[in-house]
Amino acid sequence: MKKILLLSVIFFSIQGSAQDVVYGDEVQEDTSRRKPSGLLDYENRLFLGLSNTFFIDFITSPLTEGEMITKKVINNVPTDVSVPIAEQTIYQSFFSIGITPRYNLQELSNKAAIALSAPVSFGFGSSGSANKDVVGAQGFGNIQIPLLLNLYYGAEATNKVDEDFGLNVGAGFELNKIGILNLGTVGVERPSNRAWIMPTVQAGVQFYRGYSPVEVHIKYGFGKLQEQFIDQYGNRLLDGKKVTRASSLKLSITYLL
């Protein structure tokens, strides 16, 4: 009888210990399932969108000095000489499409965040002379890669917000390349159309179209002021000089995924 009682006590002790282990494992498993809430919480901080633009997409390159080969009579001998000329190209995209990744660096509250975004876009359009006093590079297509630091407030600022409307502003730099397919200009020697970087600012709104979140942005890029003294033939300007700069203007619609 004593042996039976002793075996019963040992059995229930082992069973209780096993249950403690199982319960301990369950608690540990629940803890391991908790999602990170810091900067590396990409599931909640990363936003992706597809953007498009129709017609309202203009880009002007910086003013540069090129060379034109022309004939001049030197000592009664026709000779090819190089003449400095003014170059500046303007581009209009008829349609552009892009992808807009955004990552919240700091969520100030449930409806406010500081974010980094890179709304890359590819355009389908043509380029030519910026005005009658310059030579423009003839080409087709463009790429634009901005890198912006943004402040978002309201709708879609974070994954925790419950708002129907929001605002955002941003600033940074953008890389522009216009005339990806360089068609060249007869009589003008120049390297391929060069890319350049300039400051840019952006403002926009967020709202819902049905159940789909949408952002509308207007972005303006601007380069430093430049003075132009010669025209497309190398002659001095009749007005003495012009002041110009590189610039871009884009109105885009982004559909968040």
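Residues numbered from 1 in each chain as written. Predicted model: local features only at pLDDT ≥ 70, side-chain atom pairs only at ≥ 80, totals over all residues. Heavy atoms only, no water.

**A look at the pairing of strand β4 (residues 77-87)**
At step 1: With 11 bridges joining them, strand β3 (residues 64-74) and β4 adopt antiparallel strand pairing. Pairing of Glu65 across the sheet is with Ala86, part of β4.
At step 2: Counting the residues that bridge the hairpin from β3 to β4 gives two residues, and of these Asn75 lies at a positive phi of roughly 55 degrees. (Pairing = 2+ DSSP bridges. Helix = DSSP H or I, 4+ residues; strand = E, 2+ residues; numbered from the N terminus.)

**Remarks on the side chain of Ser252**
At step 1: Take Ser252: it is sitting in strand β15 (residues 247-256).
At step 2: The residues contacting Ser252, other than those within four sequence positions of it, are Asn52, Thr53, Glu215, Val216 and His217. (Contact = heavy atoms within 4.5 Å.)

**Remarks on a nonpolar patch on the surface**
At step 1: There is a patch of nonpolar side chains on the surface, built from Leu39, Leu40, Leu105, Leu108, Ile114, Leu116, Leu147, Leu149, Leu151 and Val169 and spanning about 900 Å² of accessible area.
At step 2: Listed by contribution, the elements that provide at least two residues to the nonpolar patch are β5 (89-109), β6 (112-117) and β8 (139-154).
At step 3: For the nonpolar patch, the leading source of residues is β8, giving three residues.
At step 4: Tracing the backbone through its elements, the reader meets Leu147 in strand β8.
At step 5: Note on Leu147: relative accessible area 52%, which makes it exposed. (Patch = residues over 30% accessible without salt bridge, like charges linked within 9 Å, V, L, I, M, F, W, Y side chains within 5 Å. Areas by Shrake-Rupley, 256 points an atom, 1.4 Å probe, with all protein chains shown as cover. Salt bridge = Lys/Arg side-chain N within 4 Å of Asp/Glu carboxyl O. Buried < 20%, exposed > 50% of the residue type's maximum accessible area, 1.4 Å probe, protein only.)

**A word on the pairing of strand β1 (residues 46-54)**
At step 1: As paired strands, β1 and β5 are joined by nine bridges and run antiparallel to one another. Its bridge partner being in β5, Phe47 is matched across the sheet by Arg102.

**As for the pattern of salt bridges**
At step 1: Taken as a whole and judged by the stated rule, the model has seven salt bridges.
At step 2: Here Asp57 and Lys250 are joined by a salt bridge, their closest N and O atoms 2.7 Å apart. Of this pair, Asp57 sits in strand β2 (residues 57-60) while Lys250 sits in strand β15, and the two are 193 residues apart along the sequence. The same class applies to Asp57 as to Lys250, namely buried.
At step 3: A salt bridge links Asp133 to Lys242, with the shortest nitrogen-to-oxygen separation between them at 2.5 Å. With Asp133 in the loop between β7 (120-129) and β8 and Lys242 in strand β14 (residues 242-244), the pair connects residues that are 109 residues apart, well separated along the chain.
At step 4: Overlapping salt bridges, with partners in common, bring together Lys132, Asp133 and Lys242 in one network.

**Let's talk about the confidence of the model for the chain**
At step 1: Mean pLDDT over the chain: 85, with 82% of residues reaching 70 or higher.
At step 2: Mean pLDDT across the elements of the chain ranges from a minimum in helix α1 (residues 2-32), with 45, to a maximum in β6, with 98.
At step 3: Segment residues 1-7: pLDDT under 50, and zero contacts once partners within four positions in sequence are set aside and those in other chains are kept.
At step 4: This model gives residues 16-34 a pLDDT under 50, and the stretch forms zero contacts once residues within four places in sequence are excluded. (pLDDT = per-residue confidence, 0-100.)

**A closer look at the packing of aromatic side chains**
At step 1: A full pass over the atoms with the stated rule returns three aromatic pairs.
At step 2: Both rings, one in Tyr220 and one in Phe222, keep their centres 5.9 Å apart while their planes meet at 20 degrees; by these two values the pair is stacked.
At step 3: The partly exposed category is assigned to Phe222, whose relative accessible area is 27%.
At step 4: Taken together, the aromatic side chains of Phe54, Phe95 and Phe124 make up a single cluster linked through ring pairs. (Phe/Tyr/Trp six-rings, centres within 6.5 Å; stacked < 30°, edge-to-face > 60°.)

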